[in-house]
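Residue-level structure breakdown
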Amino acid sequence: MKGFDTEFRDLDHYIRVITDRIWEGRRIEDIRLYYSEDCAVETPSSVSIGVEPVIAGTRATLVAFPDRRLLAEDIIVSGDEEYGFLSSHRILSPMVHAGPGPFGPPSGRSVLVRTVADCVCINNRIVHEWLVRDQAAIARQIGLHERDLAQRWLNETGQGDCGLFVKPAMPAAPAPYISLVDQSELAQRYAAIYKQLWASANTTLLSQSFHEEVIAMVPGGETLLGAPALAKFWSTVVSSLPNAQFEVEHLVANARVGRATSVAMRWRARALHSGAGRYGAPSGRAVEVMGISHADMEHGRIVREWVLMDDVAIWMQVLQPQIDRA
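These numbers come from a predicted model, not from an experiment.

Observations regarding the pairing of strand S2 (residues 46–49)
In this sheet, S2 lies alongside strand S1 (residues 35–43) in antiparallel orientation, the contact comprising four bridges. Across the sheet, the residue bridging to alanine 40 is isoleucine 49, located in S2. Here S1 folds back onto S2 in antiparallel fashion, the turn holding two residues.

A look at the packing of aromatic side chains
Under the criterion given, the structure shown has 14 aromatic pairs. The interplanar angle of 70° and the centroid separation of 5.5 Å between the aromatic rings of phenylalanine 103 and tryptophan 153 together place this pair among those described as edge-to-face. Separated by 50 residues along the polypeptide, phenylalanine 103 in the loop between strand S4 (84–96) and strand S5 (110–122) and tryptophan 153 in helix H5 (residues 146–157) bring together distant segments of the chain. Neither residue differs from the other here; phenylalanine 103 and tryptophan 153 are each classed as buried. Three or more aromatic residues joined by ring pairs form one cluster here, namely Tyr190, Tyr194, Trp198, Phe233, Trp234, Phe246 and Trp267.

Observations regarding the side chain of threonine 115
With respect to the helices and strands, threonine 115 occurs in strand S5. Owing to a relative accessible area of 2%, threonine 115 belongs among the buried residues under this scheme. Within the structure, threonine 115 has its side chain in polar contact with the side chain of arginine 133 (distance 3.2 Å). Residues in contact with threonine 115, not counting those within four places in the same chain, are Arg68, His89, Arg90, Ile91, Leu131, Val132, Arg133 and Leu308.

Notes on the packing of H5 against helix H9 (residues 311–319)
Between H5 and H9, the shortest axis-to-axis distance is 8 Å and the interhelical angle comes to 65°. In this structure, the crossing between H5 and H9 has a hand that is right-handed. Across the interface between the two elements, Glu146, Arg147, Leu149, Ala150, Gln151, Trp153 and Leu154 of H5 pack against Asp311, Val312, Trp315, Met316 and Leu319 of H9. In terms of residue class, the contact of H5 with H9 is made up of eight nonpolar, one polar and three charged.

What counts, and where the lines are drawn
- Residues numbered from 1 in each chain as written.
- Predicted model: local features only at pLDDT ≥ 70, side-chain atom pairs only at ≥ 80, totals over all residues.
- Heavy atoms only, no water.
- Pairing = 2+ DSSP bridges.
- Helix = DSSP H or I, 4+ residues; strand = E, 2+ residues; numbered from the N terminus.
- Phe/Tyr/Trp six-rings, centres within 6.5 Å; stacked < 30°, edge-to-face > 60°.
- Buried < 20%, exposed > 50% of the residue type's maximum accessible area, 1.4 Å probe, protein only.
- Polar contact = N/O pair within 3.5 Å; in protein donor to acceptor, adjacent residues only side chain to side chain.
- Contact = heavy atoms within 4.5 Å.
- Axes fitted to C-alpha atoms, helices over the stretch in contact; angles between N-to-C directions.
- Left-handed = near helix turned anticlockwise from the far one by under 90°.
- Nonpolar A, V, L, I, M, F, W, Y, C, P; charged D, E, K, R; others polar.

Put into structure tokens, the structure is as follows:
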């Protein structure tokens with residue numbers, strides 16, 4: 001790969017090696033070697049600029065979860081040497097909540113959580129990153145409801161119970177990177193399912209496009225079996241946020257010899273919380289859902305899926321106080 005150290009065979013190898021060095025090897029200062037000085041990182045609840053917040057966030061995570069591991073489930077790649085690469089890295093992290101931090105005093109409980117990190121990689125550096133972690137899974141496993149954790153975080157960011165969820169704008173990814181929206185049949189088929197789902201709340205689309213025994217990992221650390229169970233989950237989401245504006249930001253299908261085709265899609269849905277469902281009674285608040293989904297497709301149907309959304313960030317938007325802007 002042009003511009004990368006010769007030890008790295010390809011993008012998949014690069015991401016696996018540097019992740020192992022930073023996390024498994026606890027070589028935190030190596031972040032300076034593999035992240036650019038002005039790297040922007042967006043999560044569903046925050047935007048940071050620069051390598052120092054990445055280092056600080058890594059150290060804080062290891063205080064709360066000192067034995068945290070980052071196990072790669074898949075890396076779905078796109079891009080090239082001319083315009084930059086993107087790795088959509090799905091991670092499974094076993095860890096024990098053994099220290100203080102954003103999740104409160106140590107509970108001593110074991111946690112298993114998924115994260116997907118979309119990283120733009122140019123010249124041996126991560127220069128831009130979008131990261132979605134299933135924070136609700138952590139909350140539930142340490143004995144909290146994601147709604148209550150959201151309220152706590154709101155309180156900590158503002159004055160008493162008047163905390164505000166205010167997220168800065170994410171800058172554009174640096175040139176020459178151009179975001180890919182794959183026009184292949186399988187990639188477009190996957191995107192079309194969710195465009196129609198968010199626009200119409202029609203969950204019958206899932207039974208048509210998903211294998212009847214699909215295995216789906218969804219927010220809250222839940223594993224669902226079968227298209228009807230997945231349709232029920234999505235009905236609770238889209239009924240809370242009807243008539244959403246849905247946008248695909250990144251989409252790629254990786255065909256693998258002897259394996260299912262793997263698809264990665266980063267997306268946003270914007271809507272008013274005007275319906276009852278997963279996020280409680282309608283609040284009328286404007287909500288943005290930032291998601292990353294991975295899927296394995298065989299014979300044109302989805303057989304496995306991983307849906308990464310941050311329900312804590314969504315609840316923060318639902319619960320924030322109404323501001324009089326007159």
